[in-house]
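Read off the chains here:
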Amino acid sequence: SLRIALVAEEPKTDEEKKAAKALGDAIDVDDGANGQGRARFSNIWIATIADKSVARVTEGDHVVTALKPSPDGARVAYIARPNNRRNQQNLAEVYVVDIASRASTRLTTNEAPESDVAWTPDGAQVTYLTGSTAGWELAQEKLYALPAAGGAPRLLSKAWDGDIREYFWAPSGRSVLLSGLRR
């Protein structure tokens, strides 16, 4: 049956609601010096259209920044970081959650910010963009793949001399189309 995967922020606590109400018409701006605000913790939910049910599939205090359902719809690859502080994007990691069991597997372990998670068409691997697999570097985004069950990342875009902005797998899984800025 048709399902929708979505990210939803955790609801405000009673204490947060009370503090907001006490402000009246004032606006509380929680921005850092660079304009970044504190993120709210969020989780992944699955909505099933046929029976109008909604189920939470991830748990915990983390900020989910991207998600992509697997080709067979049984899993969701996602990127999350374990805190909601400003300037902590380097702590984002790639995960896969099995929708039926709700079991999450962390696929990356580094201090490099990953983005644009996707699945290979056969669902065997998860791909993502990052400037480095070792740590936060202000480097050009490269395309990496790793087994969906876990394993070492493999650089796919080694020959591309530039920054990848977005990418798309061909349905055959034999090629990747990308757009970016070439040096």
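Residues numbered from 1 in each chain as written. Predicted model: local features only at pLDDT ≥ 70, side-chain atom pairs only at ≥ 80, totals over all residues. Heavy atoms only, no water.

Colleague: Would you mind showing me how to read the packing of aromatic side chains here?
Modeller: The way to describe two aromatic rings as a pair is by their centre distance and the angle between their planes. Using the criterion set out here, one finds 2 aromatic pairs in the structure. With 5.1 Å between their ring centres and 15 degrees between their planes, Y78 and Y95 make a pair best called stacked. With Y78 in strand β5 (residues 75-81) and Y95 in strand β6 (residues 93-98), this residue pair connects regions lying 17 residues apart in the sequence. Like Y95, Y78 is buried. When the ring of Y128 is compared with that of Y144, the centres are 5.9 Å apart and the planes differ by 20 degrees; the resulting orientation is stacked. Taken together, the residues span a long stretch of sequence, with Y128 in strand β9 (residues 125-130) and Y144 in strand β10 (residues 142-147) at a distance of 16 residues. (Phe/Tyr/Trp six-rings, centres within 6.5 Å; stacked < 30°, edge-to-face > 60°. Helix = DSSP H or I, 4+ residues; strand = E, 2+ residues; numbered from the N terminus. Buried < 20%, exposed > 50% of the residue type's maximum accessible area, 1.4 Å probe, protein only.)

Colleague: Before we go on, may I ask you to explain the pairing of β10 in this structure?
Modeller: Where a strand is regular, its side chains alternate between the two sheet faces. Extensive coverage of β10 is indicated by the burial of 5 of its 6 residues. Bridge analysis of β9 against β10 gives 6 bridges, and the strand direction is antiparallel. Along β10, the bridge assignment pairs Y128 with Y144. Alignment of β10 against strand β11 (residues 154-155), held across 2 bridges, turns out to be antiparallel. (Pairing = 2+ DSSP bridges.)

Colleague: Any chance you could explain the sheet that holds strand β8 (residues 115-119) here in plain terms?
Modeller: In sheet architecture, strand pairing relies on hydrogen bonds along the backbone and comes in two forms, parallel and antiparallel. In spatial order, the strands read β8-β9-β10-β11; together these 4 strands make up an open sheet with antiparallel pairing. Unpaired on one side and paired on the other, β8 and β11 mark the two borders of the sheet.

Colleague: Is there a simple way to explain the environment of A5 in this structure?
Modeller: Assignment of secondary structure puts A5 in strand β1 (residues 3-9). Looking at A5, the relative accessible area reads 21%, which means it is partly exposed. For the pair A5 and A47, spaced 42 residues apart in the sequence, the C-alpha separation amounts to 6.5 Å. Setting aside anything within four residues of it in sequence, one finds A5 in contact with W45, I46, L67, P69 and V76. (Contact = heavy atoms within 4.5 Å.)

Colleague: Please clarify how the confidence of the model for the protein should be interpreted in this entry.
Modeller: The predicted coordinates should not be examined in detail at positions where pLDDT is low. Mean pLDDT for the protein: 86, with 86% of residues reaching 70 or above. Mean pLDDT per element in the protein: helix α1 (residues 14-22) is the minimum at 82, and β6 is the maximum at 96. (pLDDT = per-residue confidence, 0-100.)

Colleague: How should I be thinking about the pattern of salt bridges in this particular structure?
Modeller: For side chains bearing opposite charge, pairing can occur when the charged atoms are close. Taken as a whole and judged by the stated rule, the model has 4 salt bridges. In this structure, E10 and R56 form a salt bridge, with 3.1 Å as the shortest nitrogen-oxygen distance. Note that E10 is positioned in the loop between β1 and α1 and R56 in strand β3 (residues 53-56), a separation of 46 residues in sequence. We classify R56 as partly exposed; its relative accessible area is 23%. In this structure, R106 and E93 form a salt bridge, with 3.4 Å as the shortest nitrogen-oxygen distance. (Salt bridge = Lys/Arg side-chain N within 4 Å of Asp/Glu carboxyl O.)

Colleague: What is the right way to read the environment of F168 from this model?
Modeller: With respect to the secondary-structure elements, F168 resides in strand β12 (residues 162-169). In the structure, F168 is positioned 49 residues away from W119 in sequence and 9.7 Å away in space, judged by C-alpha atoms. The residues touching F168, leaving out its near neighbours within four places in the chain, are S175, V176 and L177.

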